[in-house]
Amino acid sequence: MNMGIDGIAAMVNQTGSSAAGSRAQALQNKAGSDLSGASDEELMNVCKQFEAYFVEQVMKEVEKTIPRNEDEEDASMSQLTDYFKDEMIQTLAQDVCEQQNLGLAQQMYEQMKRNYSL
C-alpha cells in the first residue's frame, strides 16, 4: 500500500475534524443533560471540561490573528501542521485550566448548584 503525503494529510485532517466535533458534541451532551442527580464532583468535572474547551476556542481564535506565509508550505504539510497545532492547543488549554485559577468553572459550578437546588 503506497500512500503519499497528500493521502496521509487528508486522513489526519479528517481524523482531527471528527475528533474535535465529537469532543464538542460529548461536552454539549454532558452540559445539556439533566444534572440534577449529579454529585458535586461530577458537576465540577463538567464545569472544568467546559472551561478547558472555552480556553481552547479562545486560543484558536487568537492564533488565527497571527499572519502566516502560505508560500512556504504546501497544502498537505499545512494540514499536518494544523492537526498537531490543534492537539497542542487543546493540551495547553487543559494545562492552563489545571494550573491557573481562572474561576470560570467555579462560577459555573455555583450557578448550576443554585439552578438545580443542590
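Conventions adopted
- Residues numbered from 1 in each chain as written.
- Predicted model: local features only at pLDDT ≥ 70, side-chain atom pairs only at ≥ 80, totals over all residues.
- Heavy atoms only, no water.
- Helix = DSSP H or I, 4+ residues; strand = E, 2+ residues; numbered from the N terminus.
- Buried < 20%, exposed > 50% of the residue type's maximum accessible area, 1.4 Å probe, protein only.
- Contact = heavy atoms within 4.5 Å.
- Expected span 1.5 Å × (residues − 1).
- Arc of directions from axis to C-beta.
- Core = buried A, V, L, I, M, F, W, Y, C linked by side-chain atoms within 4.5 Å.

Q: Explanation requested: the overall build of the protein chain in the structure shown.
A: Helix and strand counts for the protein chain stand at 4 helices and 0 strands. In the protein chain, the order of α-helices and β-strands from amino to carboxyl end is α-α-α-α. Taking all 118 residues of the protein chain together, 24% fall into the buried category. Of the contacts formed within the protein chain by residues at least 6 apart in sequence, a portion of 82% connects residues at least 24 apart.

Q: Help me out: how do you make sense of helix α4 (residues 104-115) in this one?
A: The α-helix winds at 3.6 residues per turn, so residues separated by three or four positions along the chain end up facing the same way. Helix length check: α4, at 12 residues, gives a terminal C-alpha distance of 16 Å against a target of 16 Å (1.5 Å per residue), a fit within 8%. When we look at burial in α4, the residues that qualify are A105, Y109, M112 and K113. For α4, the buried positions fall inside an angular range of 100° around the axis, keeping them on one side. For α4, the exposed residues set more than 90 degrees away from the buried face come down to Q107, R114 and N115. Lining the buried residues of α4 we find α2 (40-64). Backbone geometry just after α4 places S117 at a positive phi near 55°.

Q: So what exactly am I meant to see when it comes to the nonpolar core here?
A: Counting 6 residues, the largest nonpolar core is built from L43, M44, C47, A105, Y109 and M112. Contributing elements (two or more residues each) for this core: α2 and α4. Apart from residues no more than four positions distant in its own chain, M44 is found in contact with A105, Q106 and Y109.

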